[in-house]
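Coordinate inspection notes
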Amino acid sequence: MIEWYGQHTIIIQTSMIYVLLAYSVQLALRAGVFSFAGVGFFGLGGYATAILAIRGVPGPLAVLIVTLAAVLPGYLLAMLLARLRDLYLGMATIAFTLMISVFASNGGELTGGAVGLFSIPYWANTPVMVIIFVVASVLMHRLERSHFGRGLEALRENQDLALSVGTDVLKQRKFVFTLGTVLGALSGALFVLTFTAIDPETTSFRLVVTTLTMVILGGVGTWIGPVAGALIVVWLPVYLGPLEKWADAIYGLIVVVIAMYAPDGLVAVVRRAWKALWSGRNAKPEASGLSTPKKS
Amino acid sequence: MQQVINALTLGSIYLLFSLGLTLAWGTLKVLNLAHGAVFVFASLIGFLVTHKFGLSFPLVVGLGMLGAGLLTLLIDAIVFKRIRQISRDERQAELLMLAASLGVAAILASVTRNLTLESHNFGLTPQTFTTIPYFFGPIRVTNMQFMIVFLGVGLVVALALWIRYSRAGRALRALAYDPATCGLMGVNPTSLSAIAMFIAGAMAGLAGILLTVYLGAIGPEAGDSLMLKAFSIIVLGGVGSVWGALVGAMFLAAAESIVLNFTAGGYVDAIAFGMIILVLLIRPRGIIPAEKADRV
């Protein structure tokens, strides 16, 4: 066990970092906010942490500063964009993410240009990361089950109805958006201190794909989705072997297949299977949106 | 004046690329994030057929357009069609199609990288197309530039006329407005969306081949930065508006040329993003809004 842990420390840490990143997008999507800004903030937070750590700020302090400071740009971006709906917001936040990469390539000495920053002081403490992970997960769980969290779900299902029963829709959208950016920044900060390097490629289009793979794979509906998705995405390459150079294609294929055949994600599939198993043959077919074809 | 010619050429490439995207988004409500990958895929076809068989230029253009068009058609017929059928509501369909197209993009990018053997940039064989420069006083215009501008502007006019006056174009506009009634009126949404997607892909393919010849070679990531530019063009011009795309593409190309002229040029890609933010803040419907309201 100890030996196994020694061999896989970095993958275990990566899993937790990616779960946080996946949370940042899942949280937004669950409330019907098509925001991928968390991915951009992963890069922003990563670079900020790297810049601080290289200048001698201790790792834990850098993480704390960056995570807290992310609230401000996150909220500013939310004020700017949270009004946008659906595809517009998705497009604007993807553009924002690509922009971070442009600024990173042009940042000169501060960001190290196209080469990026490296030999950043290593600080990745598994117990601390586990604590962060657990706290974030409990928070996500509470957010899901609380009155407020259910309000967020209503936001996704029917914004007009939510508005009519007195929900401040715009305020909630901004909140979700900002929380997503903070989670993204936290994840990026931990990433940099684990891998001790970051370059503009880190926050490119590919990371958007990876993040969306995790979220769609697990399912948008619940916080367990991103956990399952991140675990699969992080651990799959370990067992891919010679197929590794096709890893991107495999992720892509997974996303397409899930989107086509299990739009609620693997967690929902497992849950349904579990229920079916327990209720036996007499079970009525479950009234899930999944199997009802859309009339148009 | 030379700068104007160059900007016009660049703008025509942008235009060819964004037309397909705006067409699919405006009429079928698909933000096809695989559009950039399809564009690169056409260049890949050009790269492969010229290096293996030494085909002539018109054939390469034809094959590239056909390949890119069929590819987009297949994505629509296999993936998007299924997603439209299983989705609970329009928002879920939009998210799933966004995710699936991102997955397709990842697959295509991976194929491109592996087929070009990681050689970073790839192009057609030099003998495929002979660039002939013409001089008008101090101004240099190549036959390629003539062709790009001619095709770009020519296709825009053709497409605008087609959408405005042809039976299929009228049906397409109706489909954007009210798909349900459209079905009652005997419009076949499946074949219509197939036509639209084929046109969208073929134009991206044309842009891909032309840009590859114009620049000599492109990299597998060329599609990503074009996506960012196309976003800003679509937002500036208004989703679904053909003329808007024309104005947006030329405006972006002009702005980029000016910035390139007066600065070191690293931030050229930032203009597109700045434009998105600015337009969304000041005039969210774009400068030439299409007839349809309720977009943002």
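The numbers attached to residues start from 1 for each chain and follow its sequence in the written order. Chain A is the first chain written and ligand 1 is the first ligand written, with later ones labelled in order. A pLDDT threshold of at least 70 governs which residues receive local features in this predicted model, and a stricter bar of 80 or more applies before side-chain atom pairs are shown or counted, although totals over entire chains, interfaces and linings include all residues. Only heavy atoms go into the side-chain values, all of them from the structure, while hydrogens and water stay out.

**With respect to the confidence of the model for chain A**
Note on scores: pLDDT gives the predictor's confidence for each residue, bounded by 0 and 100. The pLDDT averaged across chain A works out to 84; a share of 94% of its residues lies at or above 70. Contacts between residues were defined by any pair of non-hydrogen atoms, one from each residue, lying within 4.5 Å. Contacts from residues 287-296 of chain A, a stretch scored under 50 in pLDDT, to residues over four places away or in other chains number 17 contacts.

**Examining a positive patch on the surface**
For patches, a residue must show more than 30% relative accessible area and have no salt bridge; joins then use 9 Å for like charges and 5 Å for nonpolar side chains, namely Val, Leu, Ile, Met, Phe, Trp and Tyr. Here the Shrake-Rupley method, with its probe set to 1.4 Å, supplies the accessible areas, and only the displayed protein chains count as covering residues. Definition used for salt bridges: Asp or Glu carboxyl oxygen within 4 Å of a side-chain nitrogen of Lys or Arg. Note on charges: Lys and Arg go in the positive column, Asp and Glu in the negative column, and His and the chain ends are not counted at all. To locate a charge, take NZ of a lysine, CZ of an arginine, CG of an aspartate or CD of a glutamate. Together, R142(A), R145(A), R150(A) and R271(A) make up a region of like positive charge exposed at the surface. Helix numbers and strand numbers start at the N terminus; a helix is a DSSP run of H or I with at least 4 residues, a strand a run of E with at least 2. Among the secondary structure elements, R145(A) is positioned in helix α6 (residues 126-145).

**Quick word on empty space enclosed by the protein**
Put plainly, a pocket is an open set of points on a 1 Å grid over the protein atoms alone with protein on both sides within 12 Å along at least five of seven lines, a cavity is a set where a 1.4 Å probe fits but cannot get out, and a lining residue has an atom within 4 Å of a point. Grid points are joined across faces, edges and corners, and a volume is the space filled by probe spheres set on the points. The tally for this structure, following the rule as stated, stands at one cavity of 30 Å³ or more. Of the volumes computed, that of the largest cavity is approximately 30 Å³. As for the largest cavity, its lining consists of L80(A), L81(A), R83(A), L84(A), I277(B), L280(B) and L281(B).

**Considerations on the interface of chain B and chain A**
At the junction of the two partners, chain B supplies 48 residues and chain A supplies 51 residues. Buried area is a sum: the accessible area each of two parts loses on coming together, probed at 1.4 Å, counted once for each and added. Summing both partners gives a buried area of about 4,900 Å² for chain B against chain A, and 71% of it is carried by carbon and sulfur. Summed over the shared surface of chain B and chain A, the number is two salt bridges. A salt bridge links R113(B) to D248(A), with the shortest nitrogen-to-oxygen separation between them at 2.6 Å. Side-chain atoms alone can form a polar contact between residues adjacent in sequence; in general such a contact is a pair of N or O atoms within 3.5 Å, and within protein one must be able to donate a hydrogen while the other accepts it. Across the chain B-chain A interface, the total number found is four residue pairs in polar contact (both at pLDDT 80 or more). Breaking the side of chain B that touches chain A down by element, the ones donating at least two residues are α3 (57-86), α4 (90-115), α9 (222-237) and α11 (268-282) of chain B. Of all the elements, α4(B) adds the most residues to the side of chain B that touches chain A, at 17 residues. Throughout, the ten residues Ala, Val, Leu, Ile, Met, Phe, Trp, Tyr, Cys and Pro are labelled nonpolar, Asp, Glu, Lys and Arg are labelled charged, and all others, Gly among them, are labelled polar. Each residue belonging to the side of chain B that touches chain A can be placed in one class, and the counts come to 29 nonpolar, seven polar and 12 charged.

**Section: the nonpolar core**
Only buried Ala, Val, Leu, Ile, Met, Phe, Trp, Tyr and Cys residues count toward a nonpolar core, and they belong to the same one when joined by side-chain atoms within 4.5 Å. For every residue, the accessible area (1.4 Å probe, protein chains only) is compared with the maximum for its type, and the residue is labelled buried under 20%, exposed over 50%, or partly exposed between those bounds. Grouped together as the largest cluster of nonpolar side chains are 191 residues, with contacts concentrated most on L81(A), F39(B) and F231(B). It is helix α1 (residues 2-30) of chain A that contributes the most residues to this core, 14 residues altogether.

**Examining the environment of R206(A)**
Note that R206(A) resides in helix α10 (residues 205-218). Exposure remark for R206(A): the relative accessible area of 40% places this residue in the partly exposed category. Aside from chain neighbours lying at most four places away, what touches R206(A) is E201(A), D248(A) and R113(B). Among the polar contacts listed, one links the side chain of R206(A) to the side chain of D248(A), at a separation of 2.9 Å.

**Comments concerning the layout of surface pockets**
Looking at the second largest pocket, its volume works out to about 1,100 Å³. Around the second largest pocket, the lining comprises 44 residues; the ones closest to its centre are R206(A), L207(A), T210(A), D248(A) and Y251(A). Every element with two or more residues in the lining of the second largest pocket is listed here: α1, α9 (169-195), α10, α11 (224-240) and α12 (247-261) of chain A together with α2 (35-52), α4 and α9 of chain B. Ranked by the residues each element gives to the lining of the second largest pocket, the list is headed by α4(B), at nine residues. Of the residues belonging to the lining of the second largest pocket, the class tally is 25 nonpolar, nine polar and 10 charged.

**Quick word on the pairing of strand β2 (residues 139-142) of chain B**
Here, any two strands with at least 2 DSSP bridges between them count as paired. Across four bridges, strand β1 (residues 133-136) of chain B lies against β2(B) in antiparallel orientation. Each residue of the ladder has a partner; that of Y134(B), found in β2(B), is V141(B).

**Digging into the pattern of salt bridges**
Residues and elements named next belong to chain A. Scanning the model with the defined rule gives six salt bridges over all chains in all. Across the pair D248 and R206 runs a salt bridge whose closest N-O atoms are separated by 2.9 Å. Placement of D248 in helix α12 and of R206 in helix α10 is noted, with a sequence separation of 42 residues between them. Using a relative accessible area of 18% as the deciding quantity, one classes D248 as buried.

**Quick word on the packing of helix α5 (residues 143-165) of chain B against helix α8 (residues 189-215) of chain B**
All names here are of chain B. Simply put, an axis is a line fit to the C-alpha atoms, just over the touching stretch for a helix, and the angle between two N-to-C directions goes from 0 to 180 degrees. Viewed as axis vectors pointing N to C, α5 and α8 meet at an angle of 170°, and their least axial separation amounts to 10 Å. In this view, α5 runs roughly antiparallel relative to α8, as classed from their interaxial angle. Here M144, Q145, M147, I148, L151, L155, L159 and W162 of α5 come into contact with α8, specifically with I195, I199, M203, L206, L210, V213 and Y214. Roughly parallel here means an angle under 35 degrees, roughly antiparallel means over 145, roughly perpendicular means 65 to 115, and every remaining angle is called oblique.

**Overview of unusual backbone geometry**
Of note, the phi angle at S119(A) is positive, near 40°, even though the residue is not glycine. With respect to the helices, strands and loops of the structure, S119(A) is situated in the loop between α5 (86-106) and α6. Residue class for S119(A) comes out exposed when judged on its relative accessible area of 59%. Notably, K29(B) is not glycine yet its phi reads approximately 60°, a positive angle. In this fold, K29(B) is placed in the loop between α1 (2-28) and α2.

**A short note on the packing of helix α2 (residues 37-54) of chain A against helix α3 (residues 59-69) of chain A**
For any two helices packed against each other, the geometry is given by the interaxial angle and the distance between the axes. All names here are of chain A. It is the contact of α2 with α3, at a shortest axis distance of 9 Å, that shows an interaxial angle of 140°. Here α3 runs oblique to α2, going by the angle between their axes. The chirality of how α2 crosses α3 is right-handed. Of α3, the residues touching α2 (which contributes G45, A48, T49 and L52) are A62, I65 and V66. Among the residues forming the contact of α2 with α3, the class breakdown is five nonpolar, two polar and no charged. A clockwise turn of the near helix away from the far one marks a right-handed crossing, whereas an anticlockwise turn of less than a right angle marks a left-handed crossing.

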